[in-house]
Amino acid sequence: AQSVTQLGSHVSVSEGALVLLRCNYSSSVPPYLFWYVQYPNQGLQLLLKYTTGATLVKGINGFEAEFKKSETSFHLTKPSAHMSDAAEYFCAVIFPLRAGTALIFGKGTTLSVSS
Amino acid sequence: DSGVTQTPKHLITATGQRVTLRCSPRSGDLSVYWYQQSLDQGLQFLIQYYNGEERAKGNILERFSAQQFPDLHSELNLSSLELGDSALYFCASSVSDHGRETQYFGPGTRLLVL
């Protein structure tokens, strides 16, 4: 069965510091992995996704994530945090059902950025 | 703006009532998904429709039902509402029902049951 664990429900960084949000997954099939961001009172916006191919995936707003099969991880990073990065971040894995698919989400990590 | 629209944005109702949430997918997308986001359960998949047909079911209560119409918009019907149904309900759409396709999310409908 598919599942996602996000380590740390809350991460605080200073502006300009490295952002690292951790995600580990469990999947019985080759995983398709996603990171979404949710700003206050808004819907979810796709940051990046991994399906096949290159294991280092670049997304929007300077974020990137690396798929590591041996560690079953898909951590999200950004070299230099900006105040506008403060939001909630969700890691998700596709769960293939008998017919159709569903996204299985982690519980989310709230990122705070201080000046 | 993802291109997915949801109405209404907010909904306040009483226990025992019935409400309908509406979703219009992005132009060209055939799949519609419904998710519930609550503080205790997080983001949970409810149901998927593809080109008018139910494709997959998740943790959807029997009091909830959905449908997708020929113009591909979808409605989520919630009946006999309970306090615990208060949550943010998201609709998402994708081109097909293949897992590698990105799901684009709407802004959500915030439901408050009093």
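A separate point is the packing of aromatic side chains. Residue and element names in this part refer to chain A. Throughout the structure, instances matching the rule amount to 13 aromatic pairs over all chains. Taken together, a centroid distance of 6.3 Å and an interplanar angle of 25° make the contact between Phe 34 and Tyr 36 stacked. A single burial state applies to Phe 34 and to Tyr 36, both of which are buried. Measuring from centroid to centroid gives 6.2 Å for Phe 90 and Phe 105, while their planes differ by 90°, and the two rings are edge-to-face.

In this assembly, 20 residues from chain A lie in contact with 21 residues from chain B. Carbon and sulfur atoms supply 55% of the area that chain A and chain B bury against each other, a total of about 1,700 Å² over both sides. By the criterion of area lost to chain B, the three top residues of chain A are Leu44(A), Thr101(A) and Phe105(A), representing 26% of everything that side buries. On the surface where chain A and chain B come into contact, there are five residue pairs in polar contact (both at pLDDT 80 or more). At the level of secondary structure, the elements contributing two or more residues to the side of chain A that touches chain B comprise strand E4 (33-38), strand E5 (44-50), strand E9 (87-96) and strand E10 (101-105) of chain A. Of the residues forming the side of chain A that touches chain B, the biggest block, four residues, is contributed by E10(A).

This paragraph deals with the layout of surface pockets. The space that makes up the largest pocket amounts to roughly 420 Å³. The wall of the largest pocket is formed by 22 residues, among which Gln38(A), Glu88(A), Gln37(B), Ser38(B) and Leu39(B) lie closest to the centre. Mapped onto the lining of the largest pocket, the elements with two or more residues apiece are E9 of chain A together with strand E4 (31-38), strand E9 (87-94) and strand E11 (109-113) of chain B. Approximately 340 Å³ is the volume found for the second largest pocket. Along the walls of the second largest pocket sit 16 residues, with Leu44(A), Gln45(A), Asp1(B), Ser2(B) and Phe105(B) positioned nearest its centre. Elements with a contribution of two residues or more to the lining of the second largest pocket: E5 of chain A together with strand E1 (5-7) and strand E10 (104-105) of chain B. For the lining of the second largest pocket, the leading source of residues is E5(A), giving three residues. Class assignment of the residues belonging to the lining of the second largest pocket gives a composition of seven nonpolar, eight polar and one charged.

Among the nonpolar cores identified, the biggest contains 27 residues, and Trp35(A), Leu47(A), Leu48(A), Phe74(A), Leu76(A) and Tyr89(A) are the most heavily contacted of them. Residue assignment for this core shows that the elements contributing at least two residues are strand E2 (10-14), strand E3 (19-26), E4, E5, strand E7 (64-68), strand E8 (73-78), E9 and strand E11 (109-114) of chain A. Apart from the residues lying within four places of it in its own chain, the contact partners of Tyr89(A) are Gln6(A), Leu21(A), Trp35(A), Tyr36(A), Val37(A), Leu47(A), Phe63(A), Leu76(A), Gly108(A), Thr109(A) and Leu111(A). Tyr49(B), Phe64(B), Tyr89(B) and Val113(B) belong to the second largest nonpolar core, which has 21 residues in total.

All names here are of chain A. Within this structure, the stated rule accounts for two disulfides over all chains. A sulfur-sulfur distance of 2.0 Å marks the disulfide that ties Cys 23 to Cys 91. Judged by the sign of its S-S torsion, about -65°, the cystine formed by Cys 23 and Cys 91 is left-handed. Here Cys 23 is found in strand E3, whereas its partner Cys 91 is found in strand E9, with 68 residues between them in sequence. By the burial criterion, Cys 23 is buried, and Cys 91 matches it.

Each strand in a sheet pairs with another by means of backbone hydrogen bonds, the pair being arranged parallel or else antiparallel. All names here are of chain B. Read from one edge to the other, the open sheet built from four strands follows the order E1-E3-E8-E7, with strand pairing classed as antiparallel. Only two strands of the sheet have a single partner each, and these edge strands are E1 and strand E7 (64-68). Across the sheet, the axes of successive neighbouring strands diverge by a mean angle of 15°, strand direction being ignored. By the bridge criterion, five bridges tie E7 to strand E8 (residues 74-78) in an arrangement that is antiparallel. Its bridge partner lying in E8, Ser 65 is registered against Asn 77.

About the cut-offs
- Residues numbered from 1 in each chain as written.
- Chains lettered and ligands numbered in written order.
- Predicted model: local features only at pLDDT ≥ 70, side-chain atom pairs only at ≥ 80, totals over all residues.
- Heavy atoms only, no water.
- Phe/Tyr/Trp six-rings, centres within 6.5 Å; stacked < 30°, edge-to-face > 60°.
- Buried < 20%, exposed > 50% of the residue type's maximum accessible area, 1.4 Å probe, protein only.
- Contact = heavy atoms within 4.5 Å.
- Buried area = accessible area lost by both parts, 1.4 Å probe.
- Polar contact = N/O pair within 3.5 Å; in protein donor to acceptor, adjacent residues only side chain to side chain.
- Helix = DSSP H or I, 4+ residues; strand = E, 2+ residues; numbered from the N terminus.
- 1 Å grid on protein atoms, 1.4 Å probe; cavity = no way out; pocket = protein on both sides within 12 Å on 5 of 7 lines; lining within 4 Å.
- Points joined across faces, edges and corners; volume = space filled by probe spheres on them.
- Nonpolar A, V, L, I, M, F, W, Y, C, P; charged D, E, K, R; others polar.
- Core = buried A, V, L, I, M, F, W, Y, C linked by side-chain atoms within 4.5 Å.
- Disulfide = S-S within 2.5 Å.
- Pairing = 2+ DSSP bridges.
- Axes fitted to C-alpha atoms, helices over the stretch in contact; angles between N-to-C directions.

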